[in-house]
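As a plain string of letters, each chain reads:
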Amino acid sequence: MLELRDVTAGYDRRAPVVRNATLTVAPGEAVGLLGPSGCGKSTLARVTALLHRPDSGHVVLDGAPVHRYRHRAPRAQRTAVGVVFQQPRLSADPRLRLTDLIAEPLRATGRRSSVPERVAELAGTVGLTPDLLTRRPHEVSDGQLQRACLARALVLRPRWLVCDEMTAMLDASTTAALVRAVEDYRTATGAGLLAVGHDRLLLNRWCDRTVHWDTVTPKRAPMPVRTPG
Amino acid sequence: MTERPPARAAEAAPEPPAASAVDAAPAERPPVLSVRGLSVRFLLPGGRRIAAVTDARFDVAPGECLVLIGESGCGKSVLASALLGLLPANAQTSGGALLGELDLLTAGEPTLARTVRGRRVGLIPQSPAAHLTPVRTIRSQMEETVAQLTGVRGRAALRSAAERAAARAGFPRDHLDRHPHELSGGLAQRAATALALIGDAPLLLADEPTTGLDRDLVDHTVDELRRHIDADRALLMITHDLAAAERIADRVAVMYAGRIVELTGADTFFGSPGPRHPYSRGLLEALPDRSFTPIPGLPPELGGLPDGCAFAARCDRATDACTALPPFTGPVACHHPLPAPTPEDLRA
């Protein structure tokens, strides 16, 4: 299970972006999290991917509560979650060739020997041709770069995948191709998925169940509303 | 606004030039924009040439919204940049793009800066938050644009003109004194739209105006853009968002690998009988509310396009005929379009 228990998180303790979010993803389940722009769903996705320490509340990964986040997270937990972000340009090191981009997690975890085999295998999974693998990010399109970012997220065979607006910048065909690649991986490995987005149609089609932001973060006492002027 | 003209242009042009070509007889009015065989090549070191746009031909009629769709990297933003004279120095253009009598491709930078950008072509940018000047308030940017593009002079007059301009795009007056980073995506979009509308340009050019916005905001933005198209004003919108295109378009042009492969009415395209080019069909079928199936393969490199049909490698209808370049006949450039043409299709 991937569990978020009463998570409050943000960038200023006095004004958290996410308040008391609770959400559970079962193994093999695909959950869509739907919310408008700016509601805090990306912050929650970062917490889920262990990339942001919540102010309070817990993330529980397969029964083990997470105590440390970001680079302090234990490797076993850190590598159990793969993450794909909205903007491939901002999530790819511009100096790395796509093949190195995909192989980076393997090298970082001391699995250098499996690089050639895994990269070739994943390039096929996400639909990248061999000539693209030798290029750097500025030499490929957004769609091609996002394919590489998905391959990077899958390279350590994570049990959980977090896709934060993975397809918001992409055209319909690339969207369908990436969703298919994610689903093929999940069918093969039984990984669970948290797909965050604002496209109801897409998430309904993609996921087993779609939850709305308002049900994940139940309303408490109404916040004082500051009126301008 | 990037299309802000140099300061000295202000005294020369108290009024935006009259929408010259569009006030002819209502029945057969000349198009606002007429693109004729526009091609753009980028020259790279080592003699490589990138064919970003090849032989684009289309008209935009007054009061019309033409939506140019295609996947990222197909050349559609390059086309927009070419129309505004904003291509980098290593680009070569050929063909023509007539805005009234003026050819945008051969007009010099002074002409483009002083009479075209903002005055005859309003640009609604991709990512408005990045397009606005970050260190100045929306009000000061509005007032500057009003002062540059219209004859309004004097502090009080500018202030009220800027407020009117903001109101026109539905930008709330109490947010005028904010900086761009204090605005949500939707409000930044409205600010950019308001700036684009100030010059009363007969052609609005919107380059991916809805990228990164959520569905409600996309619908809202697109509806507002539609509201600004009237009898004389036309909109050329570039997008990869088919849902937004369906909401606003009168006609749809589909671009693939730098070429327009299909140009047809929006009703035909999104309704029945549907698009006829296999690529257009594939794009539509990839939508989550249709079959959600991707088109196999990847688009070809613009630096090494095949001699024949660029889509043939991904097309399940490809035959030997596809090694030759398909001519653009009727609404579509394909050797075996689907479904079989009826007289109605040919009319489009």
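Residues numbered from 1 in each chain as written. Chains lettered and ligands numbered in written order. Predicted model: local features only at pLDDT ≥ 70, side-chain atom pairs only at ≥ 80, totals over all residues.

The name given to chain B in an unreviewed UniProt entry is Nickel import system ATP-binding protein NikD, with Streptomyces toyocaensis as the source organism. As recorded by UniProt, the Sequence similarities (unreviewed entry) comment attached to chain B reads in full: "Belongs to the ABC transporter superfamily." (UniProt positions renumbered as here; feature names shortened; annotations may be inferred.)

Taking an unreviewed UniProt entry as the reference, chain A is identified by name as ABC transporter belonging to Streptomyces toyocaensis.

Residue and element names in this part refer to chain B. Domain parsing of chain B yields domain 1 (28–120 + 201–347) and domain 2 (130–200). Taking the mean C-alpha position of each, domain 1 and domain 2 sit 30 Å from one another. Tallying the contact residues gives 12 residues for domain 1 and 11 residues for domain 2. Each residue belonging to the side of domain 1 that touches domain 2 can be placed in one class, and the counts come to 5 nonpolar, 5 polar and 2 charged. (Domains from an automatic or database assignment. Contact = placed C-beta atoms within 7 Å. Nonpolar A, V, L, I, M, F, W, Y, C, P; charged D, E, K, R; others polar.)

Once that is clear, we can look at the packing of helix α3 (residues 98–108) of chain A against helix α4 (residues 115–126) of chain A. Residues and elements named next belong to chain A. Look at α3 against α4: their axes get within 10 Å of each other, and the N-to-C directions meet at 130 degrees. Judged on the interaxial angle alone, α4 and α3 are oblique. Considering only the axes of α3 and α4, their crossing is right-handed. In this structure, α3 contributes Thr99, Ile102, Ala103, Leu106 and Arg107 to the contact, and α4 contributes Val115, Arg118, Val119 and Leu122. Classifying every residue of the contact of α3 with α4 gives 6 nonpolar, 1 polar and 2 charged. (Axes fitted to C-alpha atoms, helices over the stretch in contact; angles between N-to-C directions. Helix = DSSP H or I, 4+ residues; strand = E, 2+ residues; numbered from the N terminus. Parallel < 35°, antiparallel > 145°, perpendicular 65-115°, else oblique. Left-handed = near helix turned anticlockwise from the far one by under 90°.)

With that settled, the discussion passes to the confidence of the model for chain B. Detailed conclusions should not be drawn from predicted coordinates in areas where pLDDT is low. When the pLDDT values of chain B are averaged, the result is 85; 89% of them are 70 or greater. Counting contacts from residues 1–26 of chain B, a segment whose pLDDT is below 50, to residues more than four positions away or on other chains yields 49 contacts. (pLDDT = per-residue confidence, 0-100.)

Attention now goes to the confidence of the model for chain A. Counting all residues, the mean pLDDT for chain A is 91, and 96% of those residues have values of 70 or more. Averaged pLDDT values for the elements of chain A fall to 90 in helix α5 (residues 130–133) of chain A and rise to 97 in strand β6 (residues 81–84) of chain A.

The subject of this paragraph is the pairing of strand β4 (residues 56–61) of chain A. All names here are of chain A. The sheet contact formed by strand β1 (residues 2–9) and β4 spans 5 bridges and is antiparallel. Counted as the bridge partner of threonine 8 is serine 56 from β4. Pairing of β4 with strand β5 (residues 64–65) involves 2 bridges; the strand directions are antiparallel. From the neighbouring strand, leucine 61 faces β5, where its bridge partner is alanine 64. Where β4 folds back onto β5 in an antiparallel hairpin, the turn is made up of 2 residues, including aspartate 62, whose phi is positive at roughly 50 degrees. (Pairing = 2+ DSSP bridges.)

The subject of this paragraph is the environment of B:Arg119. Relative to the helices and strands, B:Arg119 is located in the loop between α3 (109–116) and β6 (121–124). In sequence terms B:Arg119 and B:Leu217 are 98 residues apart; their C-alpha atoms lie 27 Å from each other.

Its 12 residues give helix α5 (residues 138–149) of chain B an end-to-end C-alpha distance of 16 Å, which sits within 8% of 16 Å, the value for a rise of 1.5 Å per residue. Of all the residues in α5(B), the buried ones are B:Ile138, B:Gln141, B:Met142, B:Glu143, B:Thr145, B:Val146, B:Gln148 and B:Leu149. (Expected span 1.5 Å × (residues − 1). Buried ≥ 20, exposed ≤ 12 C-beta atoms within 10 Å, placed from the backbone.)

Now for the nonpolar core. With 164 residues, the main nonpolar core has A:Leu150, A:Ala151, B:Val67, B:Leu203 and B:Leu236 as its most contacted residues. The dominant element in this core, judged by the number of residues it contributes, is helix α7 (residues 172–189) of chain A, at 8 residues. The contacts of B:Val67, once residues within four sequence positions are left out, are B:Met237, B:Thr239, B:Ala245, B:Ile248, B:Ala249 and B:Val252. (Core = buried A, V, L, I, M, F, W, Y, C linked by C-beta atoms within 7 Å.)

All right, on to the domain arrangement of chain A then. Residues and elements named next belong to chain A. Under the domain assignment used here, chain A contains domain 1 (1–80 + 160–177 + 191–221) and domain 2 (94–157). Look at where the C-alpha atoms of domain 1 and domain 2 centre, and you get two points 24 Å apart. A breakdown of the residues in the side of domain 1 that touches domain 2 according to their chemical character gives 5 nonpolar, 2 polar and 2 charged.

Moving on, we come to the interface of chain B and chain A. Contacts between chain B and chain A engage 26 residues on the former and 27 residues on the latter. The set of elements that each furnish at least two residues to the side of chain B that touches chain A consists of α8 (215–228) and α11 (278–285) of chain B. Looking at the side of chain B that touches chain A element by element, the count peaks at 3 residues for α8(B). A per-class count over the side of chain B that touches chain A returns 11 nonpolar, 9 polar and 6 charged.

With that settled, consider the pairing of strand β8 (residues 192–197) of chain A. All names here are of chain A. Burial analysis of β8 places 6 of its 6 residues in the buried class, the great majority of the element. Residue alternation in β8 divides its side chains into two sets, Gly192, Leu194 and Val196 and Leu193, Ala195 and Gly197, and both sets are buried. By the bridge criterion, 5 bridges tie strand β3 (residues 30–34) to β8 in an arrangement that is parallel. Residue pairing in the sheet places leucine 33 in a bridge with valine 196 of β8. In terms of strand pairing, strand β7 (residues 160–164) meets β8 through 5 bridges, oriented parallel. Within β8, the position partnered with valine 162 by the bridge is leucine 194.

With that settled, the discussion passes to the sheet that holds strand β4 (residues 91–99) of chain B. Residue and element names in this part refer to chain B. Here 4 strands make up an open sheet; going across it, the order is β2-β1-β4-β5 and the pairing antiparallel. Every interior strand has two partners, whereas the edge strands, β2 (49–60) and β5 (102–103), have only one. Relative to β5, β4 runs antiparallel, the two sharing 2 bridges. Looking at the pairing, leucine 98 lines up with aspartate 103 of β5.

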